[in-house]
Amino acid sequence: MLHSEHNNGGTSKVYVTDYTKRDDLAPALPGHWWDKTLMNRIVRIHLYDGQSEMAQAMQRGTFFNIKNLHLKRLKDKLFGSLGGSDRLITKVDPGNSDNKELAALLACVGLRHA
């Protein structure tokens, strides 16, 4: 999780990465440290309905599992869209050795040894 913009009663946005490079991702917010460092590796996700409130609780540097994320295309660029009232965003503990997928991701990008 890189950045969140919470909007009471409206659409919130979060900016996340799984470090996968895609040239068709919508541009991230310019002027942030991660704009150039992680260029084409950041997904902007628009959160609607009950998901919008999650942006307020999402802290930079934490890890989340996001279910049912839909990628939408606007002018040949992709962004994420997530709505509804089900709990689709859950915080993930990087210290939990049972989470093999997160451990593999962190090892792959050099943030932690597997």
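Here's a quick rundown of the structure. Only a predicted model underlies this, so the values are computations on that prediction, with no experimental measurement involved. (Residues numbered from 1 in each chain as written. Predicted model: local features only at pLDDT ≥ 70, side-chain atom pairs only at ≥ 80, totals over all residues. Heavy atoms only, no water.)

### Examining the side chain of threonine 62
What counts is decided by this rule: Secondary structure elements are defined from DSSP: runs of H or I of at least 4 residues count as helices, runs of E of at least 2 residues count as strands, and each element is numbered from the N terminus. Burial status follows relative accessibility: with a 1.4 Å probe on protein chains alone, a residue under 20% of its type maximum counts as buried, one over 50% as exposed, and anything between as partly exposed. Note on contacts: a residue pair is in contact if any heavy atoms of the two residues lie within 4.5 Å.
Tracing the chain through its elements places threonine 62 in the loop between α2 (54-57) and β4 (63-66). The buried category is assigned to threonine 62, whose relative accessible area is 16%. Ignoring sequence-local partners within four residues, the contact set of threonine 62 consists of Met1 and Lys91.

### Regarding the nonpolar core
It is characteristic of soluble globular proteins that their nonpolar side chains tend to be buried jointly. Going by this rule: We define the nonpolar core as a collection of buried residues of types Ala, Val, Leu, Ile, Met, Phe, Trp, Tyr and Cys that are connected through side-chain atoms lying within 4.5 Å of one another.
Of all hydrophobic cores here, the largest spans 15 residues; its most connected members are Val14, Ile45, Leu47, Met58 and Ile89. Listing elements by their share of this core, those giving two or more residues are β2 (12-16), β3 (43-47), α2 and β6 (77-82). At three residues, the largest contribution of residues to this core is made by β3. Not counting residues up to four positions away in its chain, the partners in contact with methionine 58 are Met1, Ser4, Val14, Phe64 and Ile89. With six residues, the next largest nonpolar core counts Tyr15, Ala28, Leu38 and Ile42 among its residues.

### Things to note about the pattern of salt bridges
For clarity, the cut-off: For salt bridges, the criterion is a side-chain nitrogen of Lys or Arg within 4 Å of an Asp or Glu carboxyl oxygen.
This model, assessed by the stated rule, comprises two salt bridges. In this structure, the salt-bridge partner of aspartate 24 is arginine 22, at a minimum N-O distance of 2.8 Å. A residue is classified by how much of its surface remains accessible, and aspartate 24, at 18% relative accessible area, is buried. The partner of aspartate 24 in a salt bridge is arginine 73, with the nearest N and O atoms 3.9 Å apart. Residue aspartate 24 is located in the loop between β2 and α1 (33-37), and its partner arginine 73 is located in strand β5 (residues 70-74); the two are separated by 49 residues in the primary sequence. Salt bridges linked by common partners bring Arg22, Asp24 and Arg73 together as one network.

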